[in-house]
Amino acid sequence: MKRRSFLAATSLLALYPGSAWAEGKNAAETAVEAAKKYAGTEISIVWEAGLQSLDPLNYSGPKWEKLTGIKVKVVEVPTDQMFTKIMQDFRSGAGAYDALNVIPSWMPDLVRAGALEPLDAWVDQFGYRDELQDIAPAYRDNQMTVDGKIYGFPDDGDVMLLYYRKDIFADPKMKEEFKAKHGYDLAPPKDWKQFAEIGQFITDKLAPKTYGAGFFRTAPYPQYMFQERFRMEGGKFFDAETMKATVNSPVGLKVFEGMVAENKFMPPGVEQWNFVDNLANFLQGTTAMTISWPPYGRWAAGYGSGEEALSWVPKSQIAGKVGYALNPLGRDELGVGFALSVSTASKHKEAAYLFIQWLNSKQTSLERVQLPYTLRDPFRTSHYESAEYRKLWPDAGAYLDTIKRAGETGLLDLSLLQQDKYDEAMTKAISSLWAGEDAQAILDRLAEQFDAVTQKVGVDKQKAVYKAWAAKPGAYP
Amino acid sequence: MNTRPALAQRISVASDRGFKYLMIAPAILILLLVGIFPLVYSLVVSFQNITMTEVDTSFAGALNYVQLFKDSRLWESLLHTALITMVALPLELVFGFLLAQLFLERFPGRQIFVALLVLPTVISPIVAGATWRLMFDVRFGPIGQILSFFAGEPVNILWTVNPSFVYPAIVVCEVWQWTPFMFLLLLAALSNVDQSQLEAAEIDGASYWRVLRQIVIPAITPVIAVAVLIRGLDLVRIFDIIWALTEGGPGSMTETISLYAYVIGFVQFDTSYTAAVAFLVIVILTAIVTIALRRMEMVR
């Protein structure tokens, strides 16, 4: 009887279409097979407008249609409108969006509102749980779940890295003079004091041809750098018991004063630099160090330089001269990022789920992160170890190793209810900092604004969300 | 015996009057729906607590109106709006008047110059703001290069970041774009000043300033009043130029009431609070317009 029961059970399991392992299929193949029953339908996906959208428009969307017969409509939305559009669609019940790209720090708000579909049941039904373990821990542990349930698949290895000019750092004369002046080797800075000393030294020696460093300084970018630096210097955003903001602590002041002081050895007008200004100056050799997301590393190496979509990226003058390192103090901000989710307003939920499983799977995601024209960055262990990726340019191996190290220990963005209001307050504060306002006064105002948002959301409600966030491994060092 | 015809007449009159109202009723209904309903609806919303993530529509009392008084950013934005209006409006008026005086004389190519002068007004304000942002750019902007040329050394003014320069930058852009509007109105007004009065004053030996003060300005005052009212209201609503130039920065230093309402309404989606802010603005604008109209009535 026991043997019969066992055989019956295993036979049923083998017949069950979702048991991928029984058929020896990977998650991508399982998703394709299961999705074929939806052939002829159309699903829509919200994607960040611009380069990011070229992935589903030119590559993954057409490929999915060829494999399954499901057409993919890509709804391009500027980043700052994505949250609003998703919420509007959900609130109206229109169901215009099936699958979503969600910035992980929005997840608590979207889940609380009921806009995101929990994915656990499908993950099990379509055999995806094992492949999720391949996603780098920083993303998997921090950007996938809310209250223990899966609401999104981390799909972009956003992490801010330090890029530096190897040729300048290896110059014997520079090395000798630097060591004589500061008593340690000229190498990627281990802390912000070293960063300031190295930056000033290079500016003194090479400006105006090359300045020590350059950063993007206009909204919204610097607030991610502030979040990282503030925590790495020992700062806490809130008192966990009272939820009173503590950003105006001596640590906050130290970070703000450091940020302002650094502008002095950066090129004139750095306070107005955006993403492209900073990129252009680094690629043209005007700055010796910068901090940014992984695409800088690819473009600096000249990867994708023949692509029409990247024609706006200045031709790299520094290919082969760029080194990759973790940011000073050694834990890098997982700034922004994207996770793939399913909208609760969708009329094609399962088809949408299968599409995001296929996109996010080991097999398809490896293809997507190698697309030279899109902005998806490696986020899986298998990406970091990919022999294929490591051959893309001479230093690609070092690039992947650095991203892996950064991804293993990355700090996640603050993620609370109505997070956009805290983000806006930080952005405004940093903008005031560049205008020369007193750092302590700005921080005191920032703390007041944080407290006002917390009061409005409800202290107890926000405290519970903060505690859950702060308990995550990537929240505080 | 006489009561019946009188009654019939009264019924007939009442029926005529009713018919009149019946005829205009659809128009009034549409006006009410289009004009009044959104206003009433906004008022209702302002007493609720609707946000993007919160759809609780229960009555929240005067919560949002109490919040108005505690919101320092709101009052600062009103102050910024008033500051820009009080500086830009007189400048536009004075420059517009001077240009109009200049173009009263007939000279070769006058019409071409007038057409060129009017060009900034036909440009979208967001484009004007973006253009001036490039003009003020510290690396590529011609303004910095010209200043550097005269100074004989690099002049790196961060026009949209430095608190000392950010308001002048906004006012320059605003005045550049809207002075031609004043110019056109005032040119038309000046062209219609009674020539016989001007000639009589000239014969009597009146000075230029006396003619200006006692004949020209009184003659064009109604036009000036209308132009100031139109531009004043536009300046209170100023959005595009500032959005393109500074996005309200540095910090919230150049955030006007329209920018603030946009941020809380369409970025943060504090729907009910935005409705309360909108009502505050309506009250302020109504007061200003009423006072302005009374003054204009006095002028007439």
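Residues numbered from 1 in each chain as written. Chains lettered and ligands numbered in written order. Predicted model: local features only at pLDDT ≥ 70, side-chain atom pairs only at ≥ 80, totals over all residues.

**Focus on the overall build of chain B**
Turning to step 1, where the next piece is worked out: Counting its regular elements, chain B contains 12 helices and 0 strands.
Turning to step 2, where the next piece is worked out: Secondary structure elements in chain B, listed N-terminal to C-terminal, are α-α-α-α-α-α-α-α-α-α-α-α.
Turning to step 3, where the next piece is worked out: Relative to the compact-globule value of 19 Å for 300 residues, chain B shows a C-alpha radius of gyration of 26 Å, a clear excess of over 25%.
Turning to step 4, where the next piece is worked out: Taking all 300 residues of chain B together, 28% fall into the buried category. (Helix = DSSP H or I, 4+ residues; strand = E, 2+ residues; numbered from the N terminus. Rg over C-alpha atoms; globule rule 2.2 N^0.38 Å. Buried ≥ 20, exposed ≤ 12 C-beta atoms within 10 Å, placed from the backbone.)

**A word on the nonpolar core**
Turning to step 1, where the next piece is worked out: If you look at the biggest cluster of nonpolar residues, it comprises 187 residues, and the most contacted ones within it are Y163 and F355 of chain A together with L186 of chain B.
Turning to step 2, where the next piece is worked out: Among the elements that take part in this core, helix α7 (residues 163–191) of chain B stands out by supplying 12 residues, more than any other.
Turning to step 3, where the next piece is worked out: Beyond its immediate sequence surroundings of up to four residues, F355 of chain A is in contact with I43, W64, V72 and A99 of chain A. (Core = buried A, V, L, I, M, F, W, Y, C linked by C-beta atoms within 7 Å. Contact = placed C-beta atoms within 7 Å.)

**Regarding the domain arrangement of chain B**
Turning to step 1, where the next piece is worked out: Taken as a whole, chain B is organised into domain 1 (1–39) and domain 2 (66–127 + 166–299).
Turning to step 2, where the next piece is worked out: Using C-alpha coordinates to define each centre, domain 1 of chain B is positioned 43 Å away from domain 2 of chain B. (Domains from an automatic or database assignment.)

**Regarding the interface of chain A and chain B**
Turning to step 1, where the next piece is worked out: With 19 residues of chain A in contact, the opposing surface of chain B contributes 18 residues.
Turning to step 2, where the next piece is worked out: Of all the secondary structure elements, the ones that give two or more residues to the side of chain A that touches chain B are α5 (79–92), α6 (107–113) and α22 (419–434) of chain A.
Turning to step 3, where the next piece is worked out: It is α22 of chain A that provides the largest number of residues to the side of chain A that touches chain B, a total of 6 residues.
Turning to step 4, where the next piece is worked out: Residue composition of the side of chain A that touches chain B, grouped by class: 5 nonpolar, 6 polar and 8 charged. (Nonpolar A, V, L, I, M, F, W, Y, C, P; charged D, E, K, R; others polar.)

**Remarks on the confidence of the model for chain B**
Turning to step 1, where the next piece is worked out: On average, chain B scores 90 in pLDDT, and the residues at 70 or more come to 97%.
Turning to step 2, where the next piece is worked out: Model confidence for the complex: the whole-complex pTM is 0.84, and ipTM, which rates the interface, is 0.78. (pLDDT = per-residue confidence, 0-100.)

**Notes on the environment of F37 of chain B**
All names here are of chain B.
Turning to step 1, where the next piece is worked out: Mapping F37 onto the fold places it in helix α1 (residues 3–46).
Turning to step 2, where the next piece is worked out: Classification of F37 by C-beta neighbours within 10 Å gives exposed; the count is 11.
Turning to step 3, where the next piece is worked out: Along the primary structure F37 and S258 are separated by 221 residues, whereas in three dimensions their C-alpha atoms are 22 Å apart.

**Observations regarding the pairing of strand β9 (residues 322–325) of chain A**
Residue and element names in this part refer to chain A.
Turning to step 1, where the next piece is worked out: Residues V322 and Y324 point to one face of β9 and G323 and A325 to the other, with burial holding for every one of them.
Turning to step 2, where the next piece is worked out: The pairing of strand β7 (residues 161–165) with β9 spans 4 bridges and is classified as antiparallel. Residue L162 lies in a different strand from β9, and its bridge partner there is A325. (Pairing = 2+ DSSP bridges.)

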